[in-house]
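A look at the structure
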Amino acid sequence: MKAEHIAKRFGDVEVLRGVSLQVGRGDLVSIIGPSGCGKSTFLRCLNCLEIPDHGSITAMGVRIERAGGRWTRADDHAAHRLRSHVGMVFQSFNLFAHLSVLDNIVLAPRVVKGEPAQIAREQAMILLEKVGLADVARRYPATLSGGQQQRAAIARALAMRPEIMLYDEPTSALDPIVAEEVLAVMRTLDEEGMTQIVVTHDMRFAQQASDTVIYMDGGQIIESGPPDMLCVNPTDERTRRFLRTVL
Ligand SMILES: Nc1ncnc2c1ncn2[C@@H]1O[C@H](COP(=O)(O)OP(=O)(O)OP(=O)(O)O)[C@@H](O)[C@H]1O
C-alpha cells in the first residue's frame, strides 16, 4: 500500500500536510505521535473513510488520486473497490449490540458478498476459533469484556477476507492484560503475512511487533524506521522529546 503526499484540512485547520508512506506486503507498521497530530485522520484517509484533499493512495491494483477537485462517482467506485481489500478496527469496537458475536461476523459476508448462510457461519466460526472466542459465539457484545469485543471486531473485519488491516488505537480502551490478548491476535496475523497498519499509543507493542515505526507530528511524518533505530536513537528532537515522555 502506498500513500503519496496526502493533504487534508478541516475548515481552516491543515491536519495532514503531505504525508507519504509505503507499506510492504506482510509488514506491520505502527504510527505513533502526540495527540491531535493527525494519525487517525491519516489512517482513515488510507481507506477513504476520510477523503483526502490532495495526494494519492494505491493498493491492490486500485489507485485514488486527489487534486482538490470534487469527489466524483468514479472516485466513489474506486474507494469502494479499495475498501473491499481493507479491514478496519476502531478503538470503540463498533459491534452491533443487537446481534450475537457470530451474527456480527456473518453479517457483512452475507449482505455485501452474498455468501450462503452456511458458508458464512462456518467461516465465522473458524475466525472466532482463531481469535479465541468460539465459546462465546452465541453471546451478545455487551456480555463480553472489552478485549473479547475487540477480538470479535477483528474477526468481523477478517470475515471480508481483507489483504490489509488498519487499526485505530485498538487497545486504548483496554487494560494492559486484556490489551495483550488483542495484540497477540495481531502478532499472529503478522506471522501469517497480513499487512497491518496500526495507530497506537502502546509504545511497547510498537517497539516489539512492528517492522517500521512512523513518528508523526504536526500533520507530517517526522521520522520513520525500524523500531530499534527510531526508539533508541531518534535523530529528531521532537521525536526524542515525545519518546522521553512515553517510554
Ligand atoms: N471530522 C473532523 N472535523 C474537524 N476536525 C477534525 C475532524 N477529525 C479530526 N479533526 C481534527 O484534526 C486534528 C487531528 O485529529 P486526529 O484524530 O487525526 O489526531 P490523532 O493524532 O489521531 O489524535 P489522538 O492520538 O488524540 O487520537 C485534531 O485537531 C482534530 O480535532
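In this text, all values refer to a predicted model and were calculated from it rather than measured experimentally. (Residues numbered from 1 in each chain as written. Predicted model: local features only at pLDDT ≥ 70, side-chain atom pairs only at ≥ 80, totals over all residues.)

1. Observations concerning the overall build of the chain
Defined as follows: Only runs of H or I of at least four residues qualify as helices and only runs of E of at least two qualify as strands under DSSP, and these elements are numbered from the N terminus. Two residues form a contact once the distance between their C-beta atoms, set from the backbone, is within 7 Å.
Helix and strand counts for the chain stand at nine helices and 10 strands. In terms of principal-axis extent, the alpha carbons of the chain reach across some 50 × 45 × 30 Å. Considering only contacts within the chain whose residues lie at least 6 apart along the sequence, 62% involve residues at least 24 apart.

2. A few points about the site of the ligand
The line we're drawing: A molecule or strand has a residue near it when that residue's C-beta atom, placed from backbone coordinates, lies within 6 Å of it. Residues are sorted three ways: Asp, Glu, Lys and Arg are charged, Ala, Val, Leu, Ile, Met, Phe, Trp, Tyr, Cys and Pro are nonpolar, and all the rest, Gly among them, are polar.
Close to the ligand lie Phe10, Val13, Val15, Gly33, Ser35, Gly36, Cys37, Gly38, Lys39, Ser40 and Thr41, which account for all nearby residues. Contributing elements (two or more residues each) for the shell around the ligand: strand E2 (13-22) and helix H1 (39-46). Broken down by element, the shell around the ligand gets its largest block of residues, three residues, from H1. Along the lines of polarity and charge, the residues of the shell around the ligand split into four nonpolar, six polar and one charged.

3. Remarks on the nonpolar core
The following threshold applies: The term nonpolar core refers to a set of buried Ala, Val, Leu, Ile, Met, Phe, Trp, Tyr and Cys residues connected through C-beta atoms within 7 Å. Three classes are used. A residue is buried when 20 or more other C-beta atoms lie within 10 Å of its own, exposed when 12 or fewer do, and partly exposed in between, with C-beta atoms placed from the backbone.
With 64 residues, the main nonpolar core has Ile31, Leu46, Ile105, Ala155 and Leu166 as its most contacted residues. For this core, the element with the most residues is helix H5 (residues 146-158), which contributes six residues. Aside from chain neighbours lying at most four places away, what touches Leu166 is Leu43, Leu46, Asn47, Val86, Met88 and Ile197.

4. With respect to the environment of Ile32
Following the sequence through the fold, Ile32 ends up in strand E3 (residues 28-32). The sequence separation of Ile32 and Gln150 amounts to 118 residues, and the corresponding C-alpha distance is 20 Å. Residues in contact with Ile32, not counting those within four places in the same chain, are Thr200, Met203, Ala206, Val213 and Tyr215.

5. Comments concerning the packing of H5 against helix H6 (residues 176-191)
In a packed pair of helices, the relevant descriptors are the angle between the two axes and the axis-to-axis distance. Applied cut-off: Inter-axis angles, ranging from 0 to 180 degrees, are taken between N-to-C directions of lines fitted to C-alpha atoms, where helices are fitted over the stretch in contact. Any angle between 65 and 115 degrees counts as roughly perpendicular, while under 35 counts as roughly parallel, over 145 as roughly antiparallel, and the rest as oblique. Take the far helix as the reference: if the near one is turned anticlockwise from it by less than a right angle, the crossing is left-handed, and if turned clockwise, right-handed.
As a packed pair, H5 and H6 sit with axes 8 Å apart at the nearest point and diverge in direction by 20 degrees. The angle between H5 and H6 places the two elements in the roughly parallel class. Seen from above, H5 lies across H6 with right-handed handedness. Side by side, H5 and H6 meet where Gly146, Gly147, Gln150, Arg151 and Ile154 of the first sit next to Val178, Ala179, Glu181, Val182 and Val185 of the second.

6. Focus: the sheet that holds strand E5 (residues 62-67)
Quick note on the threshold: DSSP calls a pair of strands paired once it identifies at least 2 bridges connecting them.
Strand order in the open sheet formed by four strands is E2-E1-E4-E5, with antiparallel pairing between adjacent strands. With one partner strand each, in any of the chains shown, E2 and E5 form the two edges of the open sheet. Ignoring which end each strand starts from, the neighbouring axes of this sheet average 15 degrees apart. By the bridge criterion, four bridges tie strand E1 (residues 2-10) to strand E4 (residues 54-59) in an arrangement that is antiparallel.

7. Let's talk about the pairing of E2
The pairing of E1 with E2 spans seven bridges and is classified as antiparallel. Its bridge partner being in E2, Phe10 is matched across the sheet by Val13. Hairpin remark: E1 followed by E2, antiparallel, with two residues in the connecting loop; positive phi at Gly11, about 60 degrees.

8. Some words on unusual backbone geometry
With phi around 60 degrees, Cys48 is a residue other than glycine that occupies positive phi space. The residue Cys48 is located in the loop between H1 and E4 in this model. Taking the number of C-beta atoms within 10 Å as the measure of exposure, Cys48 has 21 and is therefore buried.

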